[in-house]
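Structural overview for review
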Amino acid sequence: MTAQPGSTIELKKPEQYENRTLVSEKTTTAKLPYAKKIFQNTITHYNYYFNANNRLNDIIQRAKAAYKESYTKLLPFYNYSLDVTAYDGDIDSIIYKCNAGILLHDLRNDWIDDLYFLMGKAYYFRKDFDSSAHVFQYINYAFAPKDEGYDISIGSNASNHPGVFSISEKENQSFLKKLTSYPPRRNEDLLWIAKNNIDAGKSYEAISLLEILRHDPQFPERLQPDLHEALAYWFYTQKIYDSAATHLIKAMDNAANINEKARWEFLAGQLFQISKLDELSAKYFTKSAEHTLDPVMEVYARLNSIAVSGGDTSDIIQQKIDGLLKLAHKDKFVNYRDIIYYSAAQLEAQRNNMKQAHNLLLKSVKYNAGNPEQRSLSFLLIADIEYANANYVSAKNFYDSVELGVLTNEDDKNRVSNRQPALANIAENIKTIHTQDSLQTVARMPEAERNALIKKTLRQLRKAQGLQEDAEGASTPFVNAAVQQPLGAPNIFSGAGKGEWYFNNPSLKGAGFNSFRAAWGNRPNVDNWRRLAGVNQSLAQQSAEEKNAEDSSMANENGQKNLSGNDSNTIKLENVEDAGANGDEELDEGDITFDALLKRLPLTDERLKASNNKIANALFNSGVILQNELEDYNKAIEAYETLNKRFPENQHVEESLFNLYYCYIKTGKKFSADSALNVLNTEFKNSKWTALLNDPATGKKESADPATKKYETIYNLFIEGKFEEAKAQKAIADSTYGNTYWTPQLLYIESIYYVSTRDDSTAIDKLKGITAMGNNTPLAEKAETMIDVLSRRSEIESYLTSLQITRYKDDEVTRVVDLNPVETIVDKRELKKDSVVSNPLIKQQAVGTDTSKAAVSIVRTYTFNPDEQQFVAILLNKVDPVYVNETRNAFNRFNMTQYYATQKPNVTSVKLDSNYMVVLVGPFTDAATAITYVDKVKPVTGNRIIPWLATDKYSFTMISQSNIDILQQTKDLEGYKKLIEKALPGKF
């Protein structure tokens, strides 16, 4: 192995070769003859490197062919996936070929470094980043410049020209050298080391190497595009998009062909767009449209160029829309009108012109040319618009038209999947309400009008089912026209007289066709048309084909329905038949009679009561879904109010009032919430729902609700600082239970966590959730204050920074210093003096011990002296420092409002052990004053000072400075509690 460049491995030769010098050993001493070198170079190059390199290129090309671009989102940096190349069957053969080329040939030929380089790339495309790193690093070491055969430390002064720092290898730029040889691979290898580190997740190692190469004076000019490509890739992975685009532009010459260059120009446009550099974004989208050979890329490039140009004012948006619509009328883009109309609809939605956006989206669906993904995106956007406008039935219809399998965005899939079940139930409830309202409206008609309407409906139903009807409404069997001729119709099969054959006579054929259609309706051209099941199946297929054209009118019509019931002047005749699908027996062919339809009307008290119960249940169920699943509290209020107004004695009245109270609080309608609570307290004072509102704690204890328990667990995880686990469990719980079970306390502590991570926008969203619950919640005022502070965070931090204030760290053990003692403001109370409890953890000092050598052996005991200065201590059990800080701030704010500046107690915190943190207030001049403070703050701590912290997470006590020192040393909290209990029984 001594012949291997840079290798120091020594292997024992087999016994039969011990006294022989092998060929590989001769390469370290003998000179390679010129003729042999030419032979070795030729064989190694064309039999090994050339074939292996072509095979690797084929693997990359297959990966590119398998990759499908999605121009509606940010393109990946490369148009292939390493997951595809890693599982290509030929990747291992490349590594084998490189190994064979190295081992079977003289190691002094010129292609050894190329074979190693190709091997490293093969490992990279196999996603074997560790092996790739070893190979690339070997090239960097073994093929670095030598000093007469001796290694030189890379980057040292010995390896460079005087005063020049370089790690790359200086290349001979002469024309003859370029003509007769290939450049060394080591400089390219350094770039691939960085690229390998990027994909291996070693971003800091990658950028360190790239920055060195960027400023390396010997790094060759020919590799500058490769260097910029690597830098662009690094910035792209770090989401520093403006820098990524800048370097990507400088790497354009590296694109394999004109279409890939256009792709990178498209990506540069996207990166500039994300960075809000619209002018540059439009420039590179335009370049991409001009260079690309892919018509889809050109369409999206032109759409994006129009979208980012100009600005966001209404006039400019109109200009953009006009530009898009001009594209739609060009023959070149006729097959892409669905994409163009979709983009125009997005712009209309941007300026809140939802009606026009809706119409453009329907055009997008109409002109869709076999693009199921775009068709689903168009339906999805229509559904989202209808959902935002609370047209839930219409939204349900359009969501049902979305094909989840063709969507690529997981958020889109989850949104559709989460909304569909709730919307389906809402739609069914609305259908029930309108059906029963229509039936009741028909039942209230005068008998003559009612009978006329039923007969009209009967004729329509029987005609749709292919049944004939006589004057009395009775059905008659089908009789061949040759046997029973309709009155006044010509006998087309009569043999009397001479004339033209029927099928050669257009007038006779037309008369027969019209007669058939009048009797039987539009029948499909199938053999089994008499069979009702076959006819229905064929008609259903025909209806499915026409669905796209009818979706708009149906959705809009259904979308206008609300939960308040039908207009009495608007009666849907089909509701008479629909009644059978809402609890009554189903209609079959024999039931389509006058008596059967009349029977379905609520003409008796019993049927009217059943009909009203269906409406009441539908209203209540809709309200619950709107409240808990869709969180549309205004629509839920509408459903509950309609229910209680129409049916004051419905079976859901108590629960609906309870839910109304909750929805009123959510929407900030405190007066209405108080009214709902007052009705519960006066008319349903013994109801469990009333008890839950008046005493939530009791309801909580009695409840075995798994959602409540789950969110209590999440609350404790947040408080204890287990943030990642808390967020993970919260995501699962939210997907299961929605946001109904979120309490103000949980929202507040989560917002504090996001504040600590400087994610202010998320924190503000959580705090707004508290304020939306109404001003009567204990945390609403705190939430409003924190929102205001967060909106001015940078301004406040700049001011505080200029003050140069030094503060204690959260976990720093500090000695509390009396900076601002509070004077005694009450008379001394009767306290037990000289109360002493020995600390069992500190041993008594032996007689005669030299105290000068070991200070820790001094006798230390807890002592209580009521005349000594005392701190009020709030003991926090398993509370993260983030919330300890918030507790300290909360008591500071309270003290500022209750005391003059000269009397305001100081508030600090001390870490006791892994479980306990102590917030200290004071010191107070003596125990009596400290007790007065406790009596003042303890009753309002849970509902005013720290309402977000559970009561089992904190407790009060008092402690002197000397006892603090002992407690910090011994950690014997239980011993100190015994002292206080003995001195002040039952006080804490």
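Shown above is the structure to which this text applies.
Okay, so let's go over this structure. (Residues numbered from 1 in each chain as written. Predicted model: local features only at pLDDT ≥ 70, side-chain atom pairs only at ≥ 80, totals over all residues. Heavy atoms only, no water.)

Here we take up the overall build of the protein. Tallying secondary structure elements over the protein gives 42 helices and 10 strands in all. Intrachain contacts of the protein at a sequence separation of at least 6 include 66% that bridge at least 24 residues. Here the protein displays about 53100 Å² of accessible surface, and carbon together with sulfur accounts for 50% of that area. (Helix = DSSP H or I, 4+ residues; strand = E, 2+ residues; numbered from the N terminus. Contact = heavy atoms within 4.5 Å. Areas by Shrake-Rupley, 256 points an atom, 1.4 Å probe, with all protein chains shown as cover.)

Moving on, we get to the pairing of strand E8 (residues 906-911). Note that E8 and strand E9 (residues 916-924) share 6 bridges and pair antiparallel. If you follow Thr 908 over to E9, its bridge partner there is Leu 920. From the end of E8 to the start of E9, which pair antiparallel, there are 4 residues. (Pairing = 2+ DSSP bridges.)

Moving on to the packing of aromatic side chains. Taken as a whole, this structure holds 32 aromatic pairs when the rule is applied. Between Tyr 46 and Phe 50, the ring centres sit 6.1 Å apart and the planes meet at 50°, which makes this aromatic pair tilted. Highlighted residues: Tyr 46 and Phe 50, both in helix H2 (residues 34-66), separated by 4 residues, approximately one helical turn. Residue classification places Phe 50 among the partly exposed residues on the basis of a relative accessible area of 39%. Its end group placed over the ring of Tyr 48, Lys 97 keeps NZ or CZ at 5.2 Å from the ring centre. (Phe/Tyr/Trp six-rings, centres within 6.5 Å; stacked < 30°, edge-to-face > 60°. Buried < 20%, exposed > 50% of the residue type's maximum accessible area, 1.4 Å probe, protein only. Lys NZ or Arg CZ within 6 Å of the ring centre and 35° of its normal.)

Across the sheet, 4 strands lie side by side as E8-E9-E7-E10; this open sheet has antiparallel pairing. Each edge of the open sheet is held by one strand with a lone partner, namely E8 and strand E10 (954-959). The mean angle between the axes of side-by-side strands here comes to 25°, regardless of whether they run parallel or antiparallel. In this fold helix H39 (residues 881-898) packs onto strand E7 (870-877), E8, E9 and E10, with an angle of close to 165° to the strand it touches most, E8. (Axes fitted to C-alpha atoms, helices over the stretch in contact; angles between N-to-C directions.)

Moving on: unusual backbone geometry. Gly 922 connects to Pro 923 through a cis peptide bond whose omega is 10°. Mapped onto the fold, Pro 923 is located in strand E9. In the Ramachandran plot, Glu 631 falls in the positive-phi region, its phi being about 55° despite a non-glycine side chain. Within the secondary structure, Glu 631 sits in the loop between helix H27 (605-628) and helix H28 (633-646). Taking the relative accessible area as the measure of exposure, Glu 631 reaches 28% and is therefore partly exposed.

How two helices sit against one another is set out by the angle between their axes and by the gap between those axes. Following both chains from N to C, one finds helix H6 (residues 129-142) and helix H8 (residues 186-199) inclined at 155°, their axes separated by 9 Å at the closest point. Comparing the axis directions of H6 and H8 gives the class roughly antiparallel. H6 and H8 meet at a crossing whose hand is left-handed. Where H6 abuts H8, its residues Phe 129, Ser 132, Ala 133, Phe 136, Gln 137, Ile 139 and Asn 140 lie against Arg 186, Asp 189, Leu 190, Trp 192, Ile 193, Asn 196 and Asp 199. Of the residues contributing to the contact of H6 with H8, the split by class is 7 nonpolar, 4 polar and 3 charged. (Parallel < 35°, antiparallel > 145°, perpendicular 65-115°, else oblique. Left-handed = near helix turned anticlockwise from the far one by under 90°. Nonpolar A, V, L, I, M, F, W, Y, C, P; charged D, E, K, R; others polar.)

Within the largest apolar cluster, 151 residues are counted, with the highest numbers of intra-cluster contacts made by Phe 77, Ile 94, Phe 125, Leu 210 and Leu 248. Looking at which element gives the most residues to this core, the answer is helix H5 (residues 112-125), with 10 residues. In this view, Leu 210 contacts Leu 191, Ala 194, Leu 227, Ala 230, Leu 231 and Trp 234; residues no more than four positions away in its chain are not counted. Membership of the second largest hydrophobic core comes to 61 residues, among which are Ala 733, Val 872, Val 882 and Leu 973. (Core = buried A, V, L, I, M, F, W, Y, C linked by side-chain atoms within 4.5 Å.)

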